[in-house]
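Chain residues, written in single-letter form:
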Amino acid sequence: MDSLSELLHEAKAQGHTLGQMAVLYEAESSFCTPETAIKQMMIHLDTMEAAIDKGLDTPLPSVSGQSGGDAQRLSRQNPRLLGTMAHQAMVYALATMEVNASMGRIVAAPTAGSCGIVPGVLFAVARSGDYTREQMVQALFAAAAVGQVIGQNATLSGAQGGCQAECGSAAAMAAAAVVELVGGSPDAALEASAMALKNTLGLACDPVAGLVEIPCIKRNALCALLSLGAAEMALAGITSAIPVDEVIGAMDSVGRSLPAELKETAGGGLAQTPRGRHIARSLYGEPKE
């Protein structure tokens with residue numbers, strides 16, 4: 001999988017979806033059968049669901065005490081501005097990220113700092129319709145294919161590419177996953193990925209106090225909405241003017257251009273606002289000269 005365009009070409013040639021192609025790739029690269037690869041992905045799916053349920057069962061304060069309980073707050077409010085599916089995607093993304101911040105078990109998809117987006121979107125869509133676990137697993141493989149190519153040709157690390165590489169990549173993965181889930185074409189899945197990723201270009205990684213909490217948790221919830229919007233447009237036949245592989249290349253270039261202060265160092269952005277510095281001092285004390 002050197003590029004998503006090559007993967008798309010091969011999928012069309014074989015009459016497969018992106019998810020089916022990713023299963024074959026995983027089986028070949030891991031020296032296992034497709035059935036074994038699917039069983040392993042089912043474990044990841046179960047872990048994602050367990051994190052969502054845990055995050056909604058009880059408020060989970062983070063280790064620092066700076067976050068927690070927002071998933072429950074949002075879940076208790078009936079949607080006033082969003083549709084039910086979009087509302088649930090935000091709730092599930094928040095729940096997963098709060099489990100992460102409380103040192104619970106999550107699936108880094110593709111990273112811990114962006115772990116709420118893929119499960120949030122996938123389970124919101126799946127629970128709104130009559131989708132099987134097997135279909136959800138195929139959707140996760142489609143997401144994995146997108147993540148694999150991004151990681152190979154750019155980066156999935158906030159320390160290297162800013163939050164566009166983490167939440168942006170997760171949004172692209174989630175968009176492809178739900179297009180696959182609802183029966184969209186491989187072309188539509190990749191158009192959705194392109195539109196999601198290109199709308200996060202330049203996104204800074206600016207964790208307040210150096211913790212994966214502020215703004216990471218709420219950013220996951222809002223990027224879940226971005227994924228749904230990109231998927232909706234792609235399913236309507238809307239395409240990205242810039243092909244997905246070129247968007248990935250642009251993300252890599254932008255990431256290299258970002259200053260170190262905006263790449264997970266807490267040296268800029270929200271981390272260096274007056275309130276951001278106050279939170280850091282409350283946790284660590286005054287910085288030494």
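Notes on the structure in this doc start here.

**Some remarks on the overall build of the protein**
Move 1: When you go through the protein residue by residue, the secondary structure sums to 13 helices and zero strands.
Move 2: Helices and strands appear in the protein in the N-to-C order α-α-α-α-α-α-α-α-α-α-α-α-α.
Move 3: Here the C-alpha atoms of the protein give a radius of gyration of 18 Å, agreeing with the 19 Å that 2.2 N^0.38 yields for 289 residues.
Move 4: In terms of overall dimensions, the protein has a C-alpha envelope of 60 × 40 × 40 Å along the principal axes.
Move 5: Counting every position in the protein, which comprises 289 residues, the buried fraction comes to 50%.
Move 6: Counting contacts in the protein only where the partners sit at least 6 residues apart, residues at least 24 apart contribute 75% of the total.
Move 7: Computed over 18 positive and 28 negative side-chain charges, the inter-centroid distance for the protein is 12 Å.

**Regarding unusual backbone geometry**
Move 1: Across the junction of Ala109 and Pro110, the peptide omega takes the value 5 degrees, indicating a cis bond.
Move 2: Structurally, Pro110 can be placed in the loop between helix H5 (84–101) and helix H6 (117–127).
Move 3: Ile214 connects to Pro215 through a cis peptide bond whose omega is 5 degrees.
Move 4: As for its placement among the helices and strands, Pro215 is situated in the loop between helix H10 (186–198) and helix H11 (216–235).

**Here's the deal with the side chain of Thr200**
Move 1: Examined against the element boundaries, Thr200 turns out to sit in the loop between H10 and H11.
Move 2: Given a relative accessible area of 5%, Thr200 falls into the buried group.
Move 3: Setting aside chain neighbours within four positions, we find Thr200 in contact with Gln164, Gly168 and Leu226.

**Points about the packing of helix H3 (residues 34–57) against H6**
Move 1: Between H3 and H6, whose axes approach to 10 Å, the crossing angle comes to 90 degrees. Looking at the two axes, H3 sits roughly perpendicular to H6. Packed against H3, whose contacting residues are Leu45, Met48, Glu49, Ile52 and Asp53, the element H6 presents Val118, Pro119, Leu122, Phe123 and Arg127 at the interface.
Move 2: Broken down by class, the residue content of the contact of H3 with H6 amounts to seven nonpolar, no polar and three charged.

**Observations regarding the environment of Gln152**
Move 1: Its location among the elements puts Gln152 in helix H7 (residues 133–153).
Move 2: It is 7.6 Å that separates the C-alpha atoms of Gln152 and Asp2, two residues lying 150 residues apart in sequence.
Move 3: Each residue touching Gln152, except ones within four places of it in the same chain, is listed here: Met1 and Asp2.
Move 4: Here Asp2 takes part through its side chain, which lies 3.3 Å from a polar atom of the side chain of Gln152.

**Observations regarding the nonpolar core**
Move 1: In terms of nonpolar packing, the biggest core is built from 75 residues, with Leu4, Leu45, Val146 and Ile248 touching the most fellow members.
Move 2: If you tally residues by element for this core, the top one is helix H9 (residues 167–181), at twelve residues.
Move 3: Among residues more than four places away in sequence, those in contact with Leu45 are Leu122, Phe123, Arg133, Met136, Val137 and Leu140.
Move 4: By size, the runner-up hydrophobic cluster in this structure holds 14 residues, among which are Leu60, Leu94, Val99 and Ala101.

What counts as what
- Residues numbered from 1 in each chain as written.
- Predicted model: local features only at pLDDT ≥ 70, side-chain atom pairs only at ≥ 80, totals over all residues.
- Heavy atoms only, no water.
- Helix = DSSP H or I, 4+ residues; strand = E, 2+ residues; numbered from the N terminus.
- Rg over C-alpha atoms; globule rule 2.2 N^0.38 Å.
- Buried < 20%, exposed > 50% of the residue type's maximum accessible area, 1.4 Å probe, protein only.
- Contact = heavy atoms within 4.5 Å.
- Lys, Arg positive; Asp, Glu negative; His and termini not counted.
- Charge placed at Lys NZ, Arg CZ, Asp CG, Glu CD.
- Axes fitted to C-alpha atoms, helices over the stretch in contact; angles between N-to-C directions.
- Parallel < 35°, antiparallel > 145°, perpendicular 65-115°, else oblique.
- Nonpolar A, V, L, I, M, F, W, Y, C, P; charged D, E, K, R; others polar.
- Polar contact = N/O pair within 3.5 Å; in protein donor to acceptor, adjacent residues only side chain to side chain.
- Core = buried A, V, L, I, M, F, W, Y, C linked by side-chain atoms within 4.5 Å.

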